[in-house]
Structure formats: C-alpha cells, structure tokens
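Residue-level structure breakdown
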There are 2 protein chains.
Amino acid sequence: MRDDNPDFGTADSLITIDIDAITGNWRMLDARNGDDTETAAVVKADGYGLGAAILAPRLADAGCRTFFVMSLAEAVTIRRALDDAGYAETRVFTLSGCHPGQEDDFLAFRINPVINNIEQLRRLAATGRGWDAAIHVDTGMTRLGLDRRELDTLKTMMEDAGKDGDNPLGAVNPCLLMSHLTASEDPHDDASARQLAAFTKLRELFPGIPASLGNSGGTLLGGDYRFDMTRPGIALYGLHPAGIDAEGVQMEEAATLTPAVTWQARILQHRTALAGDKVGYNGTHVLDRDSRIATVGVGYADGYPRSLGNRAQVEIAGHLAPVVGRVSMDSITVDVTSIDAGKVDAAGHATLLGPAYGLARMAHDAGTIGYEILTQLGQRPKRRFKGGQKGQTGA
Amino acid sequence: MRDDNPDFGTADSLITIDIDAITGNWRMLDARNGDDTETAAVVKADGYGLGAAILAPRLADAGCRTFFVMSLAEAVTIRRALDDAGYAETRVFTLSGCHPGQEDDFLAFRINPVINNIEQLRRLAATGRGWDAAIHVDTGMTRLGLDRRELDTLKTMMEDAGKDGDNPLGAVNPCLLMSHLTASEDPHDDASARQLAAFTKLRELFPGIPASLGNSGGTLLGGDYRFDMTRPGIALYGLHPAGIDAEGVQMEEAATLTPAVTWQARILQHRTALAGDKVGYNGTHVLDRDSRIATVGVGYADGYPRSLGNRAQVEIAGHLAPVVGRVSMDSITVDVTSIDAGKVDAAGHATLLGPAYGLARMAHDAGTIGYEILTQLGQRPKRRFKGGQKGQTGA
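Along each chain, residue indices are assigned from 1 in the same order as the chain's sequence is written. Whichever chain is written first is A, and whichever ligand is written first is 1; the rest continue in order. Totals for whole chains, interfaces and linings use all residues, but because this is a predicted model, local features are given only for residues with pLDDT of at least 70 and pairs of side-chain atoms are given and counted only at 80 or more.

What about the overall build of chain A?
Helix and strand definitions follow DSSP, with helices as H or I runs of at least four residues and strands as E runs of at least two, each counted in order from the N terminus. The secondary structure content of chain A amounts to twelve helices and 19 strands. The C-alpha extent of chain A, read off along each of the three principal axes, is 85 × 45 × 40 Å. For every residue pair, C-beta atoms are placed from the backbone, and the pair is scored as a contact if these atoms sit within 7 Å. Sequence separation of at least 24 residues holds for 67% of the intrachain contacts in chain A that already meet a minimum separation of 6.

Examining the interface of chain B and chain A
Contact residues are listed per partner, giving 59 residues for chain B and 59 residues for chain A. Listed by contribution, the elements that provide at least two residues to the side of chain B that touches chain A are helix H2 (44-48), helix H4 (72-84), strand E11 (261-273), strand E12 (278-279), strand E14 (291-296) and helix H12 (370-375) of chain B. The element contributing the most residues to the side of chain B that touches chain A is E11 of chain B, with six residues. When residues are sorted by character, Ala, Val, Leu, Ile, Met, Phe, Trp, Tyr, Cys and Pro go into the nonpolar class, Asp, Glu, Lys and Arg into the charged class, and all the rest, Gly among them, into the polar class. Here the residues of the side of chain B that touches chain A are counted per class, giving 20 nonpolar, 24 polar and 15 charged.

Comments concerning the pairing of strand E16 (residues 319-324) of chain A
Residue and element names in this part refer to chain A. A strand pair is defined by DSSP finding two or more bridges across the two strands. Bridge count between strand E15 (residues 313-316) and E16: four bridges; the pairing is antiparallel. Within E16, the position partnered with Ile316 by the bridge is His319. Counted along the chain from E15 to the antiparallel partner E16, the turn is two residues long, and its residue Ala317 has a positive phi close to 50°. Pairing geometry for E16 and strand E17 (residues 332-335), over two bridges, is antiparallel. Considered in E17, the bridge of Val324 is made with Thr333.

Concerning the domain arrangement of chain A
Residue and element names in this part refer to chain A. Considered domain by domain, chain A is made up of domain 1 (20-245) and domain 2 (261-386). The distance between the C-alpha centroids of domain 1 and domain 2 comes to 38 Å. Listed per partner, the contact involves eleven residues of domain 1 and 15 residues of domain 2. In this entry, domain limits derive from an automatic or database-based domain assignment.

A short note on the packing of helix H3 (residues 52-62) of chain A against helix H4 (residues 72-84) of chain A
Residues and elements named next belong to chain A. Note on method: axes are straight lines fitted to C-alpha atoms, helices fitted across the in-contact stretch only, with angles between N-to-C directions ranging 0 to 180 degrees. It is the contact of H3 with H4, at a shortest axis distance of 9 Å, that shows an interaxial angle of 50°. Looking at the two axes, H3 sits oblique to H4. Every pair of crossing elements has a handedness; the one defined by H3 and H4 is right-handed. Taking contact as the criterion, the partners of Ala52, Ala53, Ala56, Pro57 and Ala60 in H3 are, on H4, Glu74, Thr77, Ile78, Ala81 and Leu82. Of the residues that constitute the contact of H3 with H4, the class distribution is eight nonpolar, one polar and one charged. Each angle gets one of four labels, with under 35 degrees taken as roughly parallel, over 145 as roughly antiparallel, 65 to 115 as roughly perpendicular, and the rest as oblique. In this scheme the crossing of two helices becomes right-handed for a clockwise turn of the near helix relative to the far one and left-handed for an anticlockwise turn of less than a right angle.

Details of helix H8 (residues 191-203) of chain A
All names here are of chain A. To estimate how far a helix should reach, multiply one less than its number of residues by 1.5 Å. Given a rise of 1.5 Å per residue, 13 residues ought to cover 18 Å, and the 18 Å separating the end C-alpha atoms of H8 matches this to within 8%. Any residue with 12 or fewer other C-beta atoms within 10 Å of its own C-beta is exposed, any with 20 or more is buried, and the rest are partly exposed; the C-beta atoms used are placed from the backbone. Taken together, the buried positions of H8 are Ser192, Gln195, Leu196 and Phe199. One face of H8 carries all of its buried residues, which in axial projection span an arc of 105°. Turned more than 90 degrees off the buried face of H8, the exposed positions are Ala193, Ala197 and Lys201. Those residues of H8 that are buried are in contact with helix H9 (216-221). Note that the arc is defined by the directions from the helix axis to the C-beta atoms.

Examining helix H6 (residues 118-125) of chain B
All names here are of chain B. Those residues of H6 not exposed but buried are Gln120, Leu121 and Leu124. Around the axis of H6, the buried residues are gathered within 100° of arc, so they sit on the same side. Structurally, H6 contributes buried residues whose contacts are with strand E6 (112-115), strand E7 (131-136) and strand E8 (172-178).

Overview of the relation of the copies chain B and chain A
Copies overlap after least-squares fitting; the atoms used are the C-alpha atoms of residues with pLDDT of at least 70 in both. Overlaying chain B on chain A yields an RMSD of 0.0 Å, the required transformation being a rotation through 180° with an accompanying axial translation of 0.0 Å. What we have between these two chains is a two-fold relation. Taking C-alpha positions as reference, the residue of chain B nearest the rotation axis is Gln376 of chain B, located at 3.4 Å.

Here's the deal with the environment of Asp7 of chain B
When you line up the elements, Asp7 of chain B lands in the segment before strand E1 (13-18). Taking the C-alpha atoms as reference points, Asp7 of chain B and Gln264 of chain B, separated by 257 residues in sequence, lie 9.8 Å from one another.

Some words on the packing of helix H1 (residues 19-33) of chain B against helix H3 (residues 52-62) of chain B
All names here are of chain B. Where H1 meets H3, the closest approach of the two axes is 9 Å, and the angle between their N-to-C directions is 45°. In terms of their interaxial angle, H1 and H3 are classed as oblique. Crossing of H1 over H3 shows right-handed handedness. Every residue of H3 that contacts H1 at Ile19, Ile22, Thr23, Trp26 and Arg27 is listed here: Leu55, Arg58, Leu59 and Ala62. Of the residues assigned to the contact of H1 with H3, the class counts are six nonpolar, one polar and two charged.

Points about the pairing of E8 of chain B
All names here are of chain B. Two elements, E7 and E8, share six bridges in a ladder whose sense is parallel. Bridging from a neighbouring strand, Ala134 pairs with Leu176 of E8. Here E8 pairs with strand E9 (residues 211-212) via two bridges, running parallel. Across the sheet, Met178 pairs through a bridge with Ser212, a residue of E9. Clockwise travel from the first strand over the helix to the second, with the strands pointing away from the viewer, marks a crossover as right-handed. With helix H8 (residues 191-203) bridging E8 and the parallel E9, this β-α-β connection has right-handed handedness.

A word on the confidence of the model for chain A
Per-residue confidence for chain A gives a mean pLDDT of 94, with 96% of residues at or over 70. Both scores are available for the predicted complex, with the pTM at 0.95 and the ipTM at 0.95. A residue's pLDDT is the confidence the predictor assigns to it, expressed on a 0 to 100 scale.

Some words on unusual backbone geometry
Residues and elements named next belong to chain A. Even without being a glycine, Tyr48 presents a positive backbone phi close to 50°. Within the element layout of this structure, Tyr48 appears in helix H2 (residues 44-48). Non-glycine residue Arg110 carries a positive phi angle of around 55°. Its place among the elements puts Arg110 in the loop between helix H5 (103-108) and strand E6 (112-115). Judged by C-beta crowding, with 16 C-beta atoms within 10 Å, Arg110 ranks as partly exposed.

Overview of the environment of Val298 of chain B
With respect to the helices and strands, Val298 of chain B occurs in the loop between E14 and strand E15 (313-316). Beyond its immediate sequence surroundings of up to four residues, Val298 of chain B is in contact with Asp12, Ser13, Ala265, Tyr304, Ser331, Ile332 and Leu352 of chain B.

A short note on the nonpolar core
Only buried residues count toward a nonpolar core: Ala, Val, Leu, Ile, Met, Phe, Trp, Tyr and Cys, linked into one set through C-beta atoms within 7 Å. Among the nonpolar cores identified, the biggest contains 234 residues, and Val334 of chain A together with Val334 of chain B are the most heavily contacted of them. The contact partners of Val334 of chain B, leaving out residues within four places of it in the chain, are Ile293, Ala294, Val296, Val314, Ala321, Pro322, Val323, Val324 and Ala350 of chain B.

A closer look at the environment of Asn33 of chain B
All names here are of chain B. Note that Asn33 resides in helix H1. With 18 C-beta atoms packed within 10 Å, Asn33 lands in the partly exposed category. Residues Asn33 and Tyr225, 192 residues apart in the sequence, show an inter-C-alpha distance of 10.0 Å. Not counting residues within four places of it along the chain, the set of residues in contact with Asn33 comprises Thr39, Thr219, Arg226 and Thr230.

Okay, here's the thing in structure tokens:
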C-alpha cells in the first residue's frame with residue numbers, strides 16, 4: 001500500500017484508493033453471508049467519499065447486484081456507471097425515498113425507491129406505473145421508515161383491500177422489507193436483539209417478501225441478523241464499524257477487513273525553531289527544546305479534521321511524529337526533531353493515513369468516527385485508484 | 001436571503017451563495033483600507049468552499065487585482081477563470097510555493113510563487129527565467145516562511161552579492177514581502193503587536209518592496225497593520241474571524257459583514273414517536289414526551305458536522321427547533337413537537353444555516369471555527385449562486 005515516491009502533481013496531497021481492498025472486503029462479507037443471503041453494497045455519499053461511480057462497477061464485477069444510495073442525484077450517477085459497465089440488470093435503491101416530482105426520473109433511470117412513509121406509499125401506489133420498491137419500517141431508530149402509526153395504517157390498508165381481492169398496494173410491488181440497526185457495531189448492546197425481535201414480528205405482515213436488517217455491523221453479527229440480504233457500507237471501505245475503543249484497541253474482527261485508503265502529503269517546508277517558540281494559530285503549542293518542524297501540505301479544507309491539532313501523528317520516513325499546534329486550513333505542523341534531518345528531506349512527504357496510523361486511530365484522536373473522516377475527504381487532494389482489474393482477486 | 005420554496009432538484013439539500021454579499025464585503029474592507037493599501041482576496045480552498053472559479057472574476061469586477069491560493073492546481077483554476085473573464089492582468093499567488101518540477105507550469109500560467117524557504121529561493125533564482133515572487137518571512141507562527149536561520153542566510157546572500165553589484169536574488173524579483181498573523185482576530189492578544197514589530201524591522205532588509213501582513217483580522221485591526229496590501233479571506237465570506245465567544249456573543253464589528261451562505265434541506269419524513277423512544281444511532285436522545293420528529297436530508301457527508309448532534313438548531317417555518325440524537329451520514333432528526341404540524345408539512349424544508357442560526361453560532365455549537373464548516377461543505381448539496389451581475393452594487 002505504501003508508495004515511497006508519491007506523485008502529487010499540481011496538488012499538495014494524494015489519496016490512494018485500493019479498489020481490490022474494497023472488492024475483497026465485499027467478497028469476504030459475501031462469503032460470510034453464505035448462499036442464502038444476498039450481499040448488497042451501500043455506496044451512498046459518493047461511496048463513503050471514495051468514488052462511487054468508479055467503485056460500483058468493480059463491486060458488480062465481484063458479484064454485487066444491489067446498491068444503495070441516498071438521493072436521486074446519487075442514484076443517477078450510479079445507474080449510469082453500472083449501465084456503462086454492462087450491469088444494467090443491477091438494482092439501485094434510494095434510501096431517502098422518491099420525493100414528489102421525482103417519479104419520472106426514478107422510472108427513466110430504473111431506480112428503486114425505498115418507501116419511508118405512508119405518503120410516499122400512497123403517491124406511488126396511485127401512479128399505476130409499476131414500482132419495485134423497498135418498504136422501510138422503523139424498529140427503534142426514530143429516523144426513517146414507517147412509524148407505529150403508519151404501520152397500523154398500512155395494516156388496515158392491507159386488510160381492507162385484501163377483502164375484495166385487490167392488490168392493497170396498487171402500483172407498488174414490495175420487493176424488499178427493510179429496517180436499520182442503531183447500535184450493531186457493539187455485540188453487547190441489547191438494542192440489536194430488540195430490533196431483531198421487532199423486525200421478525202413485522203415480517204409476518206409481508207409474507208414471502210425478502211427481508212433485510214443488517215448494515216455492516218449486522219453483517220458481522222451474522223446468524224439471525226442476515227435474513228435475505230445484508231447491506232454493508234463502512235466495512236467495504238475497510239473499517240470495522242466499532243472503530244477503536246477508549247483504550248485504543250480495535251475489535252479482533254477488524255483485522256479481517258483490508259484498509260482501502262492511504263493519504264500522503266508534501267512536506268512544504270522543513271524548518272528550525274527555538275525552545276520557547278510557539279507553533280501555529282494562537283500559539284497553542286510551545287516548543288520545549290530547539291526543534292525542527294515540518295510543515296505539511298494538508299489542512300482541514302482537505303478533510304484533515306481540525307480537531308487533530310496537537311493530537312494526531314503522521315508517519316515520515318518510517319517514524320511516527322506528532323502534529324503540533326493547530327491544524328490550519330491548508331497545512332499542519334509536525335515536530336520532526338527526533339527524526340534524522342536527512343531522512344526527512346529525502347522522504348519529502350508525510351503519510352497521514354496508512355499502515356502506521358490507520359483510520360480507526362485517526363477517528364479516535366479526532367473525537368469522531370471513521371465514517372465522518374472518509375466522507376469528509378476534500379476535493380483538493382489528488383486521487384489515485386489502484387487495482388480494480390476485472391477478474392482480479394481481491395485482498 | 002431566505003427562499004420559501006427552495007428547488008432541491010435531485011439533491012436533498014441546497015446551498016445558496018450570495019455573490020453580492022461577498023463582493024460587498026470586499027468593497028467594505030477595501031474602503032476601510034483607504035487609497036494607499038491594496039486589498040487582495042484569499043480564494044484558496046476553492047474560495048473557502050464556496051466556488052473560487054465563480055467568485056474570483058466577480059471580485060475582479062469589484063476591483064480586486066491580486067488573489068491568493070494554496071496549491072498550483074488551485075492557481076491554474078483561478079488563472080483560467082480570470083483570463084476567461086478578461087482579467088489576464090491580475091496576479092495569482094500560490095502560498096505553498098513552487099515545488100520542484102512545477103516551474104514550467106508556474107510560468108505558463110503566469111502564477112506568482114510565494115517563496116517560503118531558501119531552497120525555493122535558490123532554485124528559482126538559478127533558473128534565469130524571471131520570477132515576480134513574494135518572500136514570506138515567519139514572524140512567530142512557525143509554519144511557513146523563512147525562519148531565523150534562513151533569514152540570516154538571505155541577509156548574507158544579499159550583502160555578499162551586493163558587493164559586486166549583482167542582483168543578489170538572481171532571476172527572482174521580490175514584488176511582495178509578507179508574513180502572517182497568528183491571532184489577529186483578538187485585538188487584545190499581544191502576539192499581533194509583537195509580529196508587527198518583527199515585521200516592521202524585517203522590512204528594512206527589503207527597502208522599496210511592497211509589504212503585506214494582515215489577513216482578515218489584520219485588515220479589521222487596520223492602522224499600522226495595513227502596510228501596502230492586506231489579504232482578507234474569511235471576512236469576504238461574511239464571517240468575522242473571531243466567531244462567537246463562550247457567552248454566544250459576536251464582536252460588534254461582525255455586523256459590518258454580510259453573511260454569504262444559506263443552507264436548506266428537505267424534510268424527508270415527519271413522524272410521530274412516543275415518550276421513551278430513542279432517537280438516532282446509539283439512542284443518545286430519549287424523548288421525554290410523545291413527540292413529532294422531522295428527519296431532514298442532510299448529514300455529515302454533506303458537511304453538517306457530526307459534533308452538532310444533540311446541539312444544533314434548525315429553522316422550520318420561522319421557528320427554531322433542536323437537532324436531537326446523533327447526526328447521521330445523510331440525515332438529522334429534529335424535534336418539531338412545538339411547531340404546528342401543518343406548518344411543518346407546508347414548509348417541507350429546514351434552514352440549517354441562515355439569518356436565524358448563523359455560521360458563527362453553528363461553529364460554536366460544533367466546537368470548531370466557521371472556516372472549517374465552510375471549507376468542509378460537501379459536494380452532494382446542490383449549489384446555487386445568486387447575484388453577481390457585473391456592475392451591481394454589493395450589500
């Protein structure tokens with residue numbers, strides 16, 4: 001994964017995305033799911049910030065046939081990318097639902113809506129145009145999906161319509177019943193078991209319709225959480241949803257996932273400073289010895305979280321070195337006094353995210369989760385994709 | 001600024017950028033600078049996330065002639081936009097400097113390097129090709145710019161070369177001497193006065209060369225901080241660099257700046273929940289009464305900071321309502337129980353950033369600065385520019 005001579009071109013940092021790591025993670029999760037459970041791929045938020053239009057066709061090469069995104073705009077991007085790659089038969093579901101006025105685009109681009117509420121259900125049912133849709137029911141997250149009151153309404157609709165033999169849902173053909181877990185990353189949180197029980201009971205309303213409950217955490221929980229389909233997201237991109245705990249320990253299972261991202265940045269300047277000098281905005285770090293500081297070309301505008309100031313480490317020439325002072329918009333300052341000066345100059349760059357300092361660790365130090373770091377990677381860093389040749393075996 | 005019927009199109013949120021607010025802010029700062037001080041514009045990080053290629057030509061319409069960006073890639077974008085708009089005579093400075101191998105692109109695109117260290121100075125000086133460059137000297141930030149040791153080297157170079165009448169800097173023609181303030185947003189921080197004294201002394205080394213010290217904070221400090229040019233950034237985009245203090249109070253001066261950004265998002269679902277229900281991932285918010293929750297189509301992947309979970313407010317139908325539970329990747333959940341249900345449905349959207357809840361407040365609630373929020377605005381929201389007709393008067 002490491003590249004000793006990154007080509008930054010006209011940019012100051014470089015994000016390398018390992019396609020084979022991502023398809024390999026999908027294959028591993030698909031193998032865990034076994035033959036009776038489909039493994040979808042969640043590629044919303046531009047594939048968790050890594051490039052959905054490039055990744056979705058490669059996941060289709062690996063065997064994935066169902067994709068989830070958030071908005072219509074995202075769905076159109078993925079649909080085009082999949083069609084262009086010869087995967088017109090795949091399904092693309094839009095988690096935010098089909099909003100009023102979007103119906104024609106959904107049909108033109110063959111996008112499957114996820115129905116979150118009765119209004120959406122009634123509106124699509126009345127179109128008479130034929131919708132293979134997922135029905136999303138809430139089982140304890142209070143975010144998206146039919147709530148209790150709406151489930152009662154739906155029940156009544158189905159019972160009433162059933163009496164005279166009509167299809168109770170009109171033009172809507174429910175092809176998937178789904179719900180979403182709130183705390184699946186933690187196998188000890190009993191919220192998952194409560195949601196599993198609620199979902200299992202709800203399935204009785206929809207006999208014969210395929211069901212899906214598990215996100216990445218649910219896929220890793222396995223067993224009864226699998227149902228007919230799981231919908232992993234973050235795990236595809238190489239991060240275990242549990243991240244790292246307060247003691248800095250990752251779950252053992254995290255080692256089964258292959259990290260997909262390396263991030264390197266130019267050393268813009270290698271400078272000297274004296275004991276007592278202050279570093280960065282508002283002088284939050286005061287040097288306690290004469291020091292050498294490497295100013296590195298990445299800042300919060302690139303997605304390097306500002307909260308990493310005085311907290312993160314970067315790797316330079318095989319050594320970890322601390323980020324000192326505040327993170328600026330376009331640069332960070334790293335204390336490299338303990339690394340041989342010639343080695344720093346020869347390296348010329350720092351690795352912000354890589355084997356020596358991974359995504360779970362960075363998220364922990366930034367006080368957030370790896371999902372936010374990935375999806376907030378900026379547009380300014382240069383991006384490079386490696387791997388992804390059709391037929392190539394993943395990780 | 002408010003738009004009661006935002007057109008989200010295929011997206012779930014909409015960022016509206018008020019070009020006239022930005023050019024108006026530039027004009028106001030330029031008027032404060034007076035006739036003897038040039039007012040540049042810092043449009044790095046894609047114009048603080050708002051679209052540099054669109055904004056730079058409009059700032060040129062307003063009279064701006066000098067622009068600062070970070071990397072070569074950014075400089076090329078701005079150079080092209082300015083040339084296309086008939087502003088080939090403007091200057092674009094690249095704060096990270098000219099890296100080895102970039103020399104030809106700098107010359108081809110007529111980009112002015114900011115020289116941060118002796119290596120850059122020597123390399124460009126030896127090309128024999130003619131460089132109008134800024135010399136960046138450090139006066140207390142320990143980030144970019146010549147450090148003490150390098151200044152001594154430069155001094156020696158100039159004295160030695162001066163002896164035989166050569167131009168001590170070879171092909172480099174220093175057209176600007178600059179430094180950067182570390183705490184200029186706070187008029188009571190004495191770091192600024194120390195930097196001012198150091199910079200004033202350093203100027204003696206470069207007689208006759210225009211000088212620039214002030215960023216937005218320095219421009220607002222005015223007086224001796226003006227020199228020949230100031231380089232405002234964040235203030236152009238409508239935010240006072242001091243943000244908001246711990247008591248939630250903005251500096252009075254902030255009112256002289258016009259906010260430039262409104263951010264609105266669809267209400268994806270308006271749902272009911274019962275007392276005791278938990279909201280969002282890991283159930284961090286428990287409802288203490290039967291409630292109505294609006295799920296809104298914006299999340300941390302759009303740049304809505306995850307740290308705003310259980311902290312921010314949004315405006316719906318003229319009322320502020322609290323974000324409850326964690327911020328998800330693609331959505332937030334808002335308690336709208338105290339707002340008339342019909343009004344919520346009629347509104348159909350929430351305003352995340354606007355007159356009722358501004359950038360300084362959002363940054364305060366997120367535990368960061370407005371600069372990070374602006375530059376981290378995601379690619380998924382739809383963007384709309386308003387104003388910007390040539391000749392139109394700003395704010």
